[in-house]
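# Coordinate analysis (summary)
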Amino acid sequence: MNLIAAVDENWAIGNKNELLVRIPSDQKFFREETTGKVVVLGRKTMETFPGGKPLKNRTNIVLSTNKDYKAEGAVVVHSIEELLEELKNYPSEDIYIIGGESIYKQMLPYCDVAHITKIDMAYDADAYHPNLDEDEAWQITAASDEQVYFDLTYHFVKYERK
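Residues numbered from 1 in each chain as written. Predicted model: local features only at pLDDT ≥ 70, side-chain atom pairs only at ≥ 80, totals over all residues. Heavy atoms only, no water.

Attention now goes to the overall build of the chain. Across its full length, the chain carries four helices and 12 strands. Scaling as 2.2 N^0.38, a compact globule of 162 residues should have a C-alpha radius of gyration of about 15 Å, and the chain matches this with 15 Å. If one aligns the C-alpha atoms of the chain with their principal axes, the spans along those axes are about 45 × 35 × 25 Å. Counting all 162 residues of the chain, 42% fall into the buried class. Sequence separation of at least 24 residues holds for 63% of the intrachain contacts in the chain that already meet a minimum separation of 6. Here the chain has roughly 8900 Å² of accessible surface; of this, 47% comes from carbon and sulfur atoms. (Helix = DSSP H or I, 4+ residues; strand = E, 2+ residues; numbered from the N terminus. Rg over C-alpha atoms; globule rule 2.2 N^0.38 Å. Buried < 20%, exposed > 50% of the residue type's maximum accessible area, 1.4 Å probe, protein only. Contact = heavy atoms within 4.5 Å. Areas by Shrake-Rupley, 256 points an atom, 1.4 Å probe, with all protein chains shown as cover.)

Below, the structure written as structure tokens:
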């Protein structure tokens, strides 16, 4: 199972239910990695999408503890156990955890690969991804050259569970 996220230098991922920054090549990488695959996300993340609608050309699975929550065009599950049962229907390598904070934390133990866009900047934030650099279970197995978007520098980094 994979996860994919863009983080700042403090491993922040968002503020007030918004991404910290939108970098076109990061968004393109996200699309290329996840199109035709399964994305797992939380309700709050789904609500940030245009019209609160699922991402196109992907199987969207939303984890929400709200039993009344419905998302047209998405599979909704209400517990980690129910989510893991649903995910058995798909090849593990086709599953991408896409956020937010609580979903990343809950699903990290089940992931083998993490695609992290590391942005060389610190933002005001209220949501964070677990810091894989401080987790000895993970190692960097690939990293891009430095990328630049206006005044931002960033790298695409692949982590794999040891």
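Strand S5 (residues 59-63) sits mainly inside the fold: four of its five residues count as buried. Relative to S5, strand S4 (residues 38-42) runs parallel, the two sharing five bridges. In the strand pairing of S5, valine 39 is matched with asparagine 60. Crossover handedness for the path S4 to helix H2 (residues 43-48) to S5: right-handed. Across three bridges, the pairing between S5 and strand S6 (residues 75-77) is parallel. By the bridge assignment, valine 62 is partnered in S6 with valine 76. (Pairing = 2+ DSSP bridges. Right-handed = clockwise from strand over helix to strand, strands pointing away.)

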